[in-house]
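Coordinate analysis (summary)
The residues making up each chain are set out below.
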Number of protein chains: 2
Amino acid sequence: MSERLPDPPAGEGALAIICGGGSLPYALADAAIRRGRRVILFALRGWADPARVAAYPHHWSWMGQFGRFIRIATREGCRDVVFIGSVGRPSILQLRPDIRVLGLLPRILRLFRGGDDRLLSGVGRIFEEHGFRLMGPKDVAPELLMPLGPVGAREPGARDQADIAYGLSLLRATSPFDIGQAAIVADNHVLALEGPEGTDATMARVAELRRSGRIRAPGGVLIKALKLGQDQRIDLPSIGPQTIASAAAAGLSGVAVVAGTTIVAEPERIAAEADRCGIFLVGVPADETAP
Amino acid sequence: MSERLPDPPAGEGALAIICGGGSLPYALADAAIRRGRRVILFALRGWADPARVAAYPHHWSWMGQFGRFIRIATREGCRDVVFIGSVGRPSILQLRPDIRVLGLLPRILRLFRGGDDRLLSGVGRIFEEHGFRLMGPKDVAPELLMPLGPVGAREPGARDQADIAYGLSLLRATSPFDIGQAAIVADNHVLALEGPEGTDATMARVAELRRSGRIRAPGGVLIKALKLGQDQRIDLPSIGPQTIASAAAAGLSGVAVVAGTTIVAEPERIAAEADRCGIFLVGVPADETAP
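The present account deals with the structure reproduced in this document. Since the structure is predicted, the reported quantities are computational estimates derived from the model, not experimental observations. Sequence positions are assigned chain by chain, starting from 1 and proceeding in written order. Following the order in which they are written, the chains are lettered starting with A and the ligands numbered starting with 1. Only residues with pLDDT of at least 70 get local features here, since the model is predicted, and only at 80 or more are side-chain atom pairs given and counted; chain-wide, interface and lining totals rely on the full set of residues.

1. A short note on the sheet that holds strand E2 (residues 39-44) of chain B
Residue and element names in this part refer to chain B. Only when DSSP finds a minimum of two bridges between them are two strands counted as paired. Only runs of H or I of at least four residues qualify as helices and only runs of E of at least two qualify as strands under DSSP, and these elements are numbered from the N terminus. If you walk across this open sheet you meet the 5 strands as E3-E2-E1-E4-E5, and the pairing is parallel. Taken across any chain shown, the strands that pair with only one partner, and hence form the sheet edges, are strand E3 (58-61) and strand E5 (133-135). In this sheet, adjacent strand axes meet at a mean angle of 25° when their direction is disregarded. As paired strands, E2 and E3 are joined by 4 bridges and run parallel to one another. Each residue of the ladder has a partner; that of Leu44, found in E3, is Ser61. Across the sheet, helix H3 (residues 66-75) is in contact with strand E1 (14-19), E2, E3 and strand E4 (78-84); its angle to E3 comes to roughly 170°. Axes here refer to lines fitted to C-alpha atoms; in helices the fit is confined to the stretch in contact. Angles between the N-to-C directions go from 0 to 180 degrees. Contact definition: two residues whose C-beta atoms, as placed from backbone geometry, lie within 7 Å.

This is the structure we're talking about:
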């Protein structure tokens, strides 16, 4: 426990962190612990990393073991719940639904028929109906969110600024369609719009289009933004050193993300990586993405 | 020359067909010839297929040899010009600009900075300013355009219809951004939006996402539409038997394209291919894509 940060309000209890894949769950757990909060990890089998989970108080379960979650979280005194980390879209098999989830199954299947947004916010509502308070990273660890302005030594030039504005407009236009949260724009030309493949694969596509000569213009910017109306407690866009490395490998000049609604996975490493790769990373104002 | 079709109006002269890659230029040339029109192919080095070009009166040139085109087309008595076939975005090297193009180079370079639309319609305007009449496939060979309704034995079901409407809305929303002309939607979920990689590569991406388990929902529809405000004389979307085979390989239930503004490369083979693959191909009304 850090002594620099205030104690949590009395009665807050332990924070239940439902952990998917990647390193974000541990960055969030560490930040909450630094703020004096007790954390219990509910590690999702098939997604969370056992070696990292082991460092925290934890319970393993399948994604569909909601009855088990309620029982243990109640016993542990958790009321606040955070979902964090990647989970993809689980198969019914990976869910391993327990009896509590079976009762909710028709509703969950309906959610599955929509995009990721609908699935995630629907599952969030189910938690709330069972007496838990669903929190976002902003609520428990605001220091993990991207700040406004450049991170690292480089800054976007005039052409990059124009590409950023163009990309934000494009993402605003596609926002109602529950498609990806990222676009790659070079010189007012859209090189890629992210689908279910994820940001790294989208950048790999641009790298490949460049290798094959299909794209010849140099530079370009990866732009990531929250979908309009997206539940900010669940599935915020995130970036890490790997995002920067992939952007550099795709020949981009930089990365722009919306400040305050993008998680920076390893803040201490990302600026160094941007400088090492010679590209910029900038947080842009959220209001540019509002309708 | 066919005797079933009316002669062209007197004074129309030969049709100059500027040929890129693929089989469309020859389908269009054959259709024009069937209508009694004389054709001269201006085959673009690096794109047009020499074996197929050889069957028609033709001249080879680099894309940038505009002075040469003006000289020969004038000598051959061509006033009407059609651009057809794939050319990608040529490198400056592939252009091989002649002296006439060098004078236009600052303007062409500005066009290169925009998306494909801006490039193509800008180049079209340059032709017109030099006394040629730029025609579209619709003007010279309307029989190559997709009809309304199903082609082949299968028809879209209710869920497919919903996916088609969703995809058309998405393409309408992205239309101002000069991005691709195709989307893949399954069960109200956008699986991919086409970028510079082209339709076949976009479907290959979906096939790969399915193989890797990232996409689990079955079915889905490829939807192709003209961009709003796109010059219908240049770069119409097109489909051929390969589109159907790629759609089937990506596990889609069918393909929907806008009737009247989509070229069907090999109309005699595409219905058979759709039936062989067990998927539908349907032409949807153009007004659904209007704003």
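2. As for the sheet that holds strand E8 (residues 189-193) of chain B
Residues and elements named next belong to chain B. On the basis of which strands lie adjacent, the open sheet formed by 6 strands has the order E6-E13-E11-E9-E7-E8 and mixed pairing. Edge positions in the sheet fall to strand E6 (149-151) and E8, since each has one partner strand and no second. Direction aside, neighbouring strands of the sheet carry axes that sit 25° apart on average. For strand E7 (residues 182-186) and E8, the ladder comprises 4 bridges, and the chain directions are antiparallel. Of the residues in E8, the one forming a bridge with Ala183 is Leu193.

3. Section: the environment of Trp47 of chain A
All names here are of chain A. Within the secondary structure, Trp47 sits in the loop between strand E2 (39-44) and helix H2 (50-53). Each C-alpha atom of the pair Trp47 and Val206 lies 27 Å from the other, and the pair is 159 residues apart in sequence. Non-local contacts of Trp47, meaning those with residues more than four positions away in its chain, are made with Gly20, Gly21, Gly85, Ser86 and Val87.

4. Notes on the environment of Arg159 of chain A
Residues and elements named next belong to chain A. Position of Arg159 among the secondary structure elements: in helix H8 (residues 158-174). In this scheme the burial state of a residue depends on its C-beta neighbours within 10 Å: 20 or more other such atoms mean buried, 12 or fewer mean exposed, and anything in between means partly exposed; the C-beta positions come from the backbone. Overall, Arg159 belongs to the partly exposed group, with 16 C-beta atoms counted inside 10 Å. Residues Arg159 and Ile17, spaced 142 residues apart in sequence, show a C-alpha to C-alpha distance of 41 Å.

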